[in-house]
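Listed here are the chains, written in short residue letters.
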Amino acid sequence: MMERIRRARRDEGFTLIEVLVVISILGVLAGIVVFAVAGITDRGKTSACSTDKATVQTAIQAYYAVNSQYPANTAAMVPGFLAQASTAYSNSGATITAIAGNTNGCS
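This one's a predicted model, so the numbers in the text were calculated from it and none came from an experiment.

A.B. asks: Could you give an account of the nonpolar core, naming the residues involved and the relevant values?
C.D. replies: Within the largest apolar cluster, 11 residues are counted, these being Cys49, Val56, Ala59, Ile60, Tyr63, Met77, Leu82, Ala88, Tyr89, Ile96 and Cys106. With five residues, the top contributor of residues to this core is helix H2 (residues 16-67).

Shown next as structure tokens:
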């Protein structure tokens, strides 16, 4: 009987408390990572919006330089100045405005 108790004490392993502490630490670290990634996504959307707006502005200026008048809308610039019409911005002459309810979240 005493031999069995000695062997049990020599068996090395993790206690329940140690396992719970490690799981708790991993949970806290996972939470921090989730919030950090969400911030990166928001910055990416903001950057994409500003790039799209700058592209439309440049296309409007190029259209004006070639045609001596401003385009009626972004679709008028598609053949030679834009690859496709913007889904986030529209224009009225030289003024660029965000399209209400666009899926990109641009304002």
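A.B. asks: Before we move on, can you summarise the packing of aromatic side chains with the specific residues and values?
C.D. replies: Per the counting criterion, the structure on display carries two aromatic pairs. Geometrically, the ring pair formed by tyrosine 63 and phenylalanine 81 is edge-to-face, given 5.4 Å between the ring centres and 70° between the ring planes. Taken together, the positions of tyrosine 63 in helix H2 and phenylalanine 81 in the loop between H2 and strand E1 (89-92) put the pair 18 residues apart, joining distant regions of the chain. With relative accessibility at 13%, the residue tyrosine 63 sits in the buried group.

Thresholds applied
Residues numbered from 1 in each chain as written. Predicted model: local features only at pLDDT ≥ 70, side-chain atom pairs only at ≥ 80, totals over all residues. Heavy atoms only, no water. Core = buried A, V, L, I, M, F, W, Y, C linked by side-chain atoms within 4.5 Å. Buried < 20%, exposed > 50% of the residue type's maximum accessible area, 1.4 Å probe, protein only. Helix = DSSP H or I, 4+ residues; strand = E, 2+ residues; numbered from the N terminus. Phe/Tyr/Trp six-rings, centres within 6.5 Å; stacked < 30°, edge-to-face > 60°.

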